[in-house]
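Analysis of the macromolecular model
The lines below spell out each chain.
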Amino acid sequence: MTAEIGIIRFPGSNCEWDVARALSALGASTEIIWHGADSVGDVGAVVIPGGFAHGDYLRPGAIARFSPVMRAVADFAEEGGPVLGICNGFQVLTEAGLLPGALTRNVGLRFICRTVECTVESVSSVLTGRGMRGEVLRLPINHYEGNYTCDAATLAGIEAAGQVVLRYRENPNGALHAIAGVANREGNVVGLMPHPERASDPLGVGTDGVVLFESLLVAAEEWQSAGRRSEPAEAAS
Amino acid sequence: MNYDIIVEIRSLAGLADPEGLAIERALPSLGFDGVQGVHVGKVFRFSVEAPTETVARRTAEEMCERLLANPVIEAAEIRVVADSPGVPA
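What comes next concerns the included structure. Keep in mind that this is a model prediction, so the values were computed, not measured.

Quick notes on the rules
- Residues numbered from 1 in each chain as written.
- Chains lettered and ligands numbered in written order.
- Predicted model: local features only at pLDDT ≥ 70, side-chain atom pairs only at ≥ 80, totals over all residues.
- Heavy atoms only, no water.
- Helix = DSSP H or I, 4+ residues; strand = E, 2+ residues; numbered from the N terminus.
- Expected span 1.5 Å × (residues − 1).
- Buried < 20%, exposed > 50% of the residue type's maximum accessible area, 1.4 Å probe, protein only.
- Arc of directions from axis to C-beta.
- Contact = heavy atoms within 4.5 Å.
- Pairing = 2+ DSSP bridges.
- Axes fitted to C-alpha atoms, helices over the stretch in contact; angles between N-to-C directions.

Residues and elements named next belong to chain B. Between its first and last C-alpha atoms helix 2 (residues 53-68) spans 20 Å; for 16 residues at 1.5 Å apiece the expected length is 22 Å, and the helix comes up short by more than 12%. Among the residues making up helix 2, those that are buried are Ala-56, Ala-60, Cys-64 and Leu-68. One face of helix 2 carries all of its buried residues, which in axial projection span an arc of 80 degrees. Structural note: helix 2 exposes Thr-54, Glu-65 and Arg-66 on the side pointing more than 90 degrees away from its buried face. Buried residues belonging to helix 2 abut strand 1 (2-11), strand 2 (42-49) and strand 3 (74-81).

Residue and element names in this part refer to chain B. Spatially, three strands are ordered 2-1-3 in an open sheet, and the strand pairing comes out antiparallel. Both outer strands of the open sheet, strand 2 and strand 3, are each paired with one neighbouring strand and no more. Taken over all neighbouring pairs, the strand axes of this sheet differ in orientation by 25 degrees on average, direction set aside. Note that strand 1 and strand 2 share eight bridges and pair antiparallel. Across the sheet, residue Ile-5 finds its bridge partner in strand 2, namely Phe-46.

And the structure:
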């Protein structure tokens, strides 16, 4: 694959090289983009990696929303470009209003670092397009604030629209409906608490994350070959 | 005019507050029995220059909506103290 993926680095990001390594292993080229940049360039997809952007001050993701690059990421998402947020990146995307809901402290007040099983609930997103509905993936989680929440109307809406893309088989953190990952309505913006980049090497905790990155690369290639700023009618497909 | 403002941020009712619950469970071991409904939040103190109290309050409300609170999970309560000498550092 030849897709080019932009990986955003905030002060406090710490998973950018893990993501770059996992994507490179699949043949993608990667570019680390500093949060002060005002453009994401010609990339086929944007990844916001895990870590503690801006020290998680105020709330995780709350300050990152104001980094200059986030305006470019929002524009890219608005055009239909694939955007993936992992862990802290998921928190950043919810704070930025690019994904519904919020991530709050784990029930039980524990920082959780272990491998959990997640079910692929929907394949109509840039993260799960190559997966199979009902497929179970073993993925590591590593978070203190991964308890997904939203109001009842939003919850009903995202469930009905198939925006819940990954669900824990056993709820580790109290997340509503055991939600591990959600997409926006169009499916081009996705956030998840598990770390697929840490399940992308047989020497690690397995390779169940690979199918997710393959999906992202397919979406990125399609986005790059279709050309940016396609007609609005096409963006919904 | 200078208005001192105190903003209190709390979890929305109905949302889990595991930190408050942990503290509530710790209290009886120190002999504080019968304490209920412990919630942990955040407090912001600042002063705003504004022509009227209404404008000062409106400014604080906008700050809460756009930054200080996440309306998906948090509620903000704003208290305005009129014409004060300013919040001590």
